[in-house]
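Listed below are the residues making up each chain.
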Amino acid sequence: MSDSALSRRDFLCAVAGCAAAAAGSCIDPTHTSFFRDHLTELGPERLKELPADLEREYTERFGRAVQVGATEALPGVEFAYALDIGRCVGCRRCVYACVEENNLSRDPEVHWIRVLEMDKEKGIDFAHADAYYDAEEVPRPGHFYLPVACQQCREPSCVKSCPVGATWQEPDGITVIDYDWCIGCRCCISACPYGARHFNWAEPEIPGEALNPKTHVLGNRPRPKGVVEKCTFCIHRTREGRYPACVEVCPVGARKFGDLHDPDGEIRYILEHKRVFVLKTERNTRPRCDYFCG
């Protein structure tokens, strides 16, 4: 196939996605121009200008100083996550820490992390898992808890399904979304086997006083209506040597995070000394999120 044919096919895929999104009244396709350069293809000068433009926009919109970073992946680093389901008590503090840290919409509510309550007798059984359990105290007798978010796959089906290249995997393993390039077709949502992608059906509501002003252009900056979003391992924190918010807030230390290439790191220790498993291995997405017990 010639380069021109490939370009024409890619163009038609993008136009089809725009048409599908518009037909479903999901978005106004003009919120981003088709002819705007893809974020990863912008020249050095524009990469310097974009955060500053966004800072001015958000500062005016929310009435407080907002910082938009563009920190790149650290050389030689590959982030990974591990979660001890034997320790997780289902308190959902991780869910709400994520909401506050990543500027998720409060109305309508958007949660990047879901905590599933499961019956110990059934084991890991997604068909009977309860994501909406209401308990005065946790953990509830006879149950255990399985938090699920983006698995940061090595073979992400969401990336393969996007018709316009609005989502891709960074060198440090974090799969990101260009909110200005996303056309809201929701192909990635259909492709993700973990239910980890979320669509903004309405204009996200973030109270100005609750806004986290420390943001990243590919992470927790405020998103518009009509785009998809997901966990980014708190890219604005982890690329500066900090833990994700969910790791810091966990009261029982069930969440572990680190660099797969660090031979002395906690993640490597868990992989080498614990019995670990990943979700939905039959999909061959090769997640960077591992689960273990004890």
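Anyway, here's the lowdown on the structure attached to this text. Throughout, a residue's number is its position along its own chain's written sequence, starting from 1. This being a predicted model, a pLDDT of at least 70 is required before a residue's local features are given, and a value of 80 or more before pairs of side-chain atoms are given or counted; all residues contribute to the totals for chains, interfaces and linings. Note: side-chain values were computed over all heavy atoms of the structure, leaving out hydrogens and water.

This part is about the overall build of the chain. Along the backbone of the chain there are eight helices and 12 strands. Classification of the 294 residues of the chain by burial places 48% in the buried group. Surface accessibility of the chain: about 14600 Å² in total, with carbon and sulfur atoms responsible for 51%. Secondary structure is summarised from DSSP: a helix means a run of H or I of at least four residues, a strand means a run of E of at least two, and numbering begins at the N terminus for each. Categorising residues by exposure relies on relative accessible area from a 1.4 Å probe, with only protein chains included: less than 20% of the type maximum marks a residue as buried, more than 50% marks it as exposed, and the intermediate range marks it as partly exposed. In this description, accessible areas are obtained by the Shrake-Rupley approach with a 1.4 Å probe, and a residue is regarded as covered only by the protein chains that are shown.

Moving on, we come to helix α3 (residues 93-101). Taken as a whole, α3 has its buried residues at C94, V95, A97, C98, V99 and E101. Contacts were defined at the residue level, with two residues in contact if any of their heavy atoms lie within 4.5 Å. Buried residues in α3 make contact with β3 (114-119), α6 (235-238), α7 (245-249) and β10 (255-259). In the segment just after α3, N103 is the residue with positive phi, at about 55°.

Further remarks concern the sheet that holds strand β12 (residues 289-292). Note on pairing: DSSP must find at least two bridges between two strands before they are called paired. Pairing is mixed across the open sheet formed by four strands, whose spatial order is β10-β2-β12-β11. Single-partner strands in this sheet number two, and they are β10 and β11 (276-277). As paired elements, strand β2 (residues 79-84) and β10 share five bridges and run antiparallel to each other. Paired with F79 across the strands is D259, a residue of β10.

To continue, consider unusual backbone geometry. Following D107, the chain continues into P108 via a peptide bond in cis, with omega recorded as 0°. Along the chain, the position of P108 falls in the loop between α3 and β3. Residue V138 is joined to P139 through a cis peptide bond whose omega torsion reads 0°. Along the chain, P139 falls in the loop between β3 and β4 (143-148). A positive phi angle is found at F233, which is not glycine, with a value near 55°. Structurally, F233 is set in the loop between β9 (228-229) and α6.

In this section: the pattern of salt bridges. Salt bridges are defined as contacts in which a side-chain nitrogen from Lys or Arg sits within 4 Å of a carboxyl oxygen from Asp or Glu. The tally for this structure, following the rule as stated, stands at 17 salt bridges. R288 is the salt-bridge partner of E78, the closest N and O atoms lying 2.9 Å from each other. Placement of E78 in the loop between β1 (67-69) and β2 and of R288 in the loop between β11 and β12 is noted, with a sequence separation of 210 residues between them. For R288, a relative accessible area of 6% gives the class buried. One network of salt bridges, with partners in common, ties together E78, R154 and R288.

It is worth spelling out the packing of aromatic side chains at this point. Pairing of aromatic rings covers Phe, Tyr and the six-membered ring of Trp, with a centre-to-centre limit of 6.5 Å; geometry is then stacked below 30 degrees between planes, edge-to-face above 60, and tilted otherwise. Enumeration over the complete set of coordinates arrives at seven aromatic pairs. Two thresholds decide whether a charge sits over a ring: the Lys NZ or Arg CZ must be within 6 Å of the ring centre and within 35 degrees of the ring normal. The ring of F126 has K280 sitting right over it, with the charged end atom 5.5 Å from the ring centre.

A separate point is the state of the cysteines. In this description, a disulfide is simply a cysteine sulfur pair whose atoms lie within 2.5 Å. Scanning the entire structure with this criterion turns up zero disulfides. Free of any disulfide, C192 has its nearest cysteine sulfur in C158, 6.3 Å distant. Assessed through its relative accessible area of 15%, C192 is described here as buried. Take C234: it sits in no disulfide, and the sulfur closest to it among the cysteines is that of C246, at 6.1 Å.

With that settled, the discussion passes to the nonpolar core. I113 and F233 are the most contacted members of the largest nonpolar core, which totals 52 residues. Taken together, the elements giving at least two residues each to this core come down to α2 (44-62), β2, α3, β3, β4, α7 and β12. Excluding its chain neighbours within four sequence positions, the residues that come into contact with F233 are F79, A80, Y81, Q152, I174, T238, P244, F257 and C289. The next biggest cluster of nonpolar side chains, apart from the first, holds 13 residues, and it includes C158, I177, F199 and V228. Only buried Ala, Val, Leu, Ile, Met, Phe, Trp, Tyr and Cys residues count toward a nonpolar core, and they belong to the same one when joined by side-chain atoms within 4.5 Å.

Turning next to the pairing of β12. Along β12, one buried face is formed by C289 and Y291 and the opposite face, lined by D290 and F292, is buried too. In this sheet, β12 lies alongside β2 in parallel orientation, the contact comprising four bridges. Paired with L83 across the bridge in β12 is Y291. Bridge count between β11 and β12: two bridges; the pairing is antiparallel. What sits directly across from V276, in β12, is F292.

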